[in-house]
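Survey of secondary and tertiary structure
So you can see what is in the structure, the chains are spelled out below.
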Amino acid sequence: GPMERTSRRLTEEPWKAVFAGLLTQLLFLPVLLFVTVILAVSIVGIPLLVLVPVAVLALLVATLLGFAAVAQSLGRWAAERFGWQLAEPFLPVVVGVAMIQGVTILARLIGLPGGFLGLFAFALIALGFFLKYAAWTMGLGAMTLSLLGRDWRRTDGGSGLPAQHARPAGAAGAAEPV
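The following refers to the structure shown. (Residues numbered from 1 in each chain as written. Predicted model: local features only at pLDDT ≥ 70, side-chain atom pairs only at ≥ 80, totals over all residues. Heavy atoms only, no water.)

Details of helix α2 (residues 14-41)
Put simply, the rule reads: Strands here are runs of E lasting at least two residues and helices are runs of H or I lasting at least four, both read from the DSSP assignment and numbered beginning at the N terminus. The length a helix should cover is 1.5 Å for every residue beyond the first. The classification of residues rests on relative accessible area computed with a 1.4 Å probe and restricted to protein chains. Under 20% of the type maximum is buried, over 50% is exposed, and intermediate values are partly exposed. Between two residues, a contact is recorded if the distance between any of their heavy atoms is within 4.5 Å.
The first and last C-alpha atoms of α2 sit 40 Å apart over 28 residues, in line with the 40 Å expected at 1.5 Å per residue. Looking at α2, one finds that the buried residues are A17, A20, G21, T24, L32 and L39. In the core, the buried residues of α2 are packed alongside α1 (2-12), α3 (52-82) and α5 (116-148).

Shown next, in the form of structure tokens:
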């Protein structure tokens, strides 16, 4: 469900996902602090302060699911590119995580002897850090876009129309709503 929507959103609008991820990272803490202060000042909001850790946990879960969606998209791309048959649904995620972490693991192995290879390994570690940060950011942005872009009124089974515009079951010849 959520991972499929996020993965689809990620492949359709990658730059929008990057921007939304950066914006979420920049604005989460200030908005959380502002809401916490407002709740603490108001008498009615004091019991609602219990929900602040829930917001932090929701951010962590959204980030983790978003990263898994990025890994899934990357794994599916690799499977199509190299002609692999990944039968299990979790295998594209495993392949994607291995691809994201692969640069850092390779850099650690190259840097073991030290010397000039250590300098080369440091550059690869920096590249691996950038790739992981980009994956986490894109995942968080895609998850944010998929959560905020849903039509919450939809209850007709996903036809794309809100429930009040859905065609009744017996009205086969009814006119389309304008």
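Remarks on the environment of P2
Its place among the elements puts P2 in helix α1. With a relative accessible area of 39%, P2 lands in the partly exposed category. The spacing of P2 and G66 is 64 residues in sequence and 9.1 Å in space, taken between C-alpha atoms.

Observations regarding helix α4 (residues 91-110)
Within an α-helix, residues lying three or four positions from one another point in the same direction, as the helix has 3.6 residues per turn. Inclusion rule: Throughout, the bend at a residue refers to the angle made by two axes, fitted to the seven residues ending there and to the seven starting there.
Taking 1.5 Å as the rise per residue, α4 with 20 residues should run 28 Å; its terminal C-alpha atoms sit 27 Å apart, in good agreement. At Q101, α4 is bent by approximately 45°, the largest bend along its length. Inspection of α4 places P92, V93, V95, G96, I100, V103, T104 and A107 among the buried residues, and these make up the whole buried set. Looking at the buried side of α4, the elements it contacts are α1, α3 and α5.

So, the packing of aromatic side chains
Rules: Stacked, edge-to-face and tilted labels apply to pairs of Phe, Tyr and Trp rings (six-membered ring for Trp) whose centres lie within 6.5 Å, assigned for plane angles under 30 degrees, over 60, and everything in between, in that order.
Taken as a whole and judged by the stated rule, the model has two aromatic pairs. Between the aromatic rings of F67 and W136, the centroid separation amounts to 4.2 Å while the plane-to-plane angle is 15°, which identifies the pairing as stacked. Note that F67 is positioned in helix α3 and W136 in helix α5, a separation of 69 residues in sequence. You can call W136 partly exposed: its relative accessible area is 31%.

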